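Chain residues, written in single-letter form:
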Amino acid sequence: SGSYSEATTALAAVREDAETVLAERDRAFGDAFAAADAAFAEDNYDSASLAIDRALDLRPESKPAAALKIRIDALPALLKKIAAAAVARVENNLTAEASHLAEALNIDPARMGLVQRADEVRRLIGEEKFTRHIADGLKRVDGRDLVAARRSLAAARAIYAGRTEIGVLDEKIAALQVELMIERLIETARAAAQVDDWRAAEQAYVKARRLTPAGRMIADELARA
């Protein structure tokens, strides 16, 4: 109708009202989002779910709110895995705890507390395996099972290559290897002597003496050969 002055005044009033409504909406969204985040941090699924739904009703385009809703929706399954991991920890079942923690982190990888505990559990499992391999290797050496002892040493070295225990077991295996070689050479020499093949007996005793120069019996048998 050409009443530009009245139109401008009315538009200014509408704009002021709209800005007020939008500001109130932003404040309400911020409060709802903060409440959802706080409830989620406390693992309070019901409160977090209600708050994030309210926030998304106010601003459905919000990507941070949408991302938080995904984490909140997964919270019941996450808490179940965390509880299972806690039970396994009380039972001192590191393997089960590691499995439950891995499943929990698959649900929510951002849980730094779970990440740190999972790292610690992996370290403890590694320590257990390492100790078990070293003990088994020493047992195999005592049982004169060179092949099995070497297998245990390799398994232990794959976990912690630089540990002192590796050197100890390695030395014992080397000593056993020499001992077994000497025994085989003596057996070969005696078998040759039985058939009067003194040259073969001599050669075997020479090799044995190189491995244990202080061996009196070997020196005597070498002289006899």
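Look up: the structure comes first, before these words.
Residues numbered from 1 in each chain as written. Predicted model: local features only at pLDDT ≥ 70, side-chain atom pairs only at ≥ 80, totals over all residues. Heavy atoms only, no water.

(A) The nonpolar core, seen in detail. Counting 24 residues, the largest nonpolar core has Ala-36, Phe-40, Ile-52, Leu-68, Ile-72, Leu-101 and Leu-114 as the members making the most contacts within it. Residues within four places of Leu-114 in sequence aside, it is in contact with Leu-78, Ile-82, Leu-101, Ala-104 and Leu-105. Leu-153, Ala-156, Ile-173 and Leu-176 belong to the second-largest nonpolar core, a separate cluster that totals 12 residues. (Core = buried A, V, L, I, M, F, W, Y, C linked by side-chain atoms within 4.5 Å. Buried < 20%, exposed > 50% of the residue type's maximum accessible area, 1.4 Å probe, protein only. Contact = heavy atoms within 4.5 Å.)

(B) Region of the structure containing the side chain of Glu-97. With respect to the helices and strands, the residue Glu-97 is situated in helix H5 (residues 94–107). In this structure the side chain of Glu-97 is engaged in a polar contact, spanning 2.7 Å, whose partner is the side chain of Arg-117. Aside from chain neighbours lying at most four places away, what touches Glu-97 is Ala-85, Ala-88, Arg-89, Arg-117 and Val-121. (Helix = DSSP H or I, 4+ residues; strand = E, 2+ residues; numbered from the N terminus. Polar contact = N/O pair within 3.5 Å; in protein donor to acceptor, adjacent residues only side chain to side chain.)

(C) Representation of the pattern of salt bridges within the structure. For the structure shown, the criterion picks out 20 salt bridges. A salt bridge links Arg-71 to Asp-108, with the shortest nitrogen-to-oxygen separation between them at 3.0 Å. With Arg-71 in helix H3 (residues 63–73) and Asp-108 in the loop between H5 and helix H6 (112–142), this pair connects stretches of sequence that are 37 residues apart. Residue class for Arg-71 comes out partly exposed when judged on its relative accessible area of 31%. When salt bridges with common partners are traced through the structure, they connect Glu-120, Arg-123, Glu-127, Arg-163 and Glu-165 into a single cluster. (Salt bridge = Lys/Arg side-chain N within 4 Å of Asp/Glu carboxyl O.)

(D) Geometry of the packing of helix H1 (residues 4–41) against helix H2 (residues 45–58). Where H1 meets H2, the closest approach of the two axes is 8 Å, and the angle between their N-to-C directions is 155°. With respect to each other, H1 and H2 are oriented roughly antiparallel. Taken as a pair, H1 and H2 cross one another with a handedness that is left-handed. On H2, the residues touching Arg-25, Ala-28, Phe-29, Ala-32, Phe-33, Ala-35, Ala-36, Ala-39 and Phe-40 of H1 are Ser-47, Ala-48, Ala-51, Ile-52, Arg-54, Ala-55 and Leu-58. Considering only residue class, the contact of H1 with H2 consists of 13 nonpolar, one polar and two charged. (Axes fitted to C-alpha atoms, helices over the stretch in contact; angles between N-to-C directions. Parallel < 35°, antiparallel > 145°, perpendicular 65-115°, else oblique. Left-handed = near helix turned anticlockwise from the far one by under 90°. Nonpolar A, V, L, I, M, F, W, Y, C, P; charged D, E, K, R; others polar.)

(E) Here's a closer look at unusual backbone geometry. Phi at Asn-92 takes a positive value of approximately 60°, unusual for a residue other than glycine. With respect to the helices and strands, the residue Asn-92 is situated in the loop between helix H4 (75–90) and H5. According to the relative accessible area criterion, Asn-92 is exposed, its value standing at 58%.

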